[in-house]
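# Chains, contacts and geometry: an overview
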Amino acid sequence: MVKPDGVQRGLVGEVISRIEKRGLKIVALRMNVIAEATAKEHYGEHAARPFFPSLIEFITSGPSVSMVVAGKDAIKVMRAINGATNPVDAAPGTIRGDFALDVGRNVVHASDSPEAAAREIAIHFKDSEIGKYSRVDEVCLYE
Ligand code: GTP
Ligand code: MG
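In this text, all values refer to a predicted model and were calculated from it rather than measured experimentally.

### Focus on the UniProt feature "active site" (unreviewed entry) in the chain
- In this numbering, the UniProt entry assigns the feature "active site" (unreviewed entry) to H109.
- Take H109: it is sitting in the loop between α6 (95–99) and α7 (114–124).
- Under the C-beta neighbour-count criterion, H109 is labelled partly exposed, with 19 such atoms within 10 Å.
- Sequence-distant contacts of H109, that is, excluding residues within four places in its chain, are made with M1 and K3.

Right, here's the structure in full:
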């Protein structure tokens, strides 16, 4: 997900480009303002944390771009592309390490486990919205 700060800073293309260039396949994509109830469900694991109210307020404050990304070790690779949660700790070359400074404005989100990915995909997309196609470079990307 490109969060509202990423959208407002014109980083949607940059984020998508990094995902595509890495070889991962975008199989669903939408821009929308996430509803408060959806945001609370999405970030339910953080409901008791002190930053939860500001996180929900921010994530619903403007359009986000949500995507489903597929490919070898897609979850692990997406977390690595995004970088550490706190941009101060994020390595240069990662999205957060290149474009962010504040943990509350860290540009992107990615699911942190297969279980979380399944849960979050179901929150944001219907099955019928997830496309099936091959990238023509898959023959070169994979052994
Ligand atoms: P997401 O991909 O957004 O889920 O980030 P993450 O998995 O790297 O981090 P985590 O799930 O632990 O936290 C979710 C989001 O809450 C982060 O991306 C931050 O935007 C925000 N967050 C996490 N920790 C803090 C904190 O200590 N302070 C504030 N203000 N925000 C935080
Ligand atoms: Mg998280």
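Structure shown, so let's carry the discussion forward.
### Some words on the UniProt feature "domain: Nucleoside diphosphate kinase-like" (unreviewed entry) in the chain
- Residues annotated in UniProt with the feature "domain: Nucleoside diphosphate kinase-like" (unreviewed entry) correspond here to residues 1–132.
- Secondary structure across residues 1–132 divides into 42% helix and 11% strand, with the first and last C-alpha atoms of the span separated by 20 Å.

Calculation criteria
Residues numbered from 1 in each chain as written. Chains lettered and ligands numbered in written order. Predicted model: local features only at pLDDT ≥ 70, side-chain atom pairs only at ≥ 80, totals over all residues. UniProt positions renumbered as here; feature names shortened; annotations may be inferred. Helix = DSSP H or I, 4+ residues; strand = E, 2+ residues; numbered from the N terminus. Buried ≥ 20, exposed ≤ 12 C-beta atoms within 10 Å, placed from the backbone. Contact = placed C-beta atoms within 7 Å.

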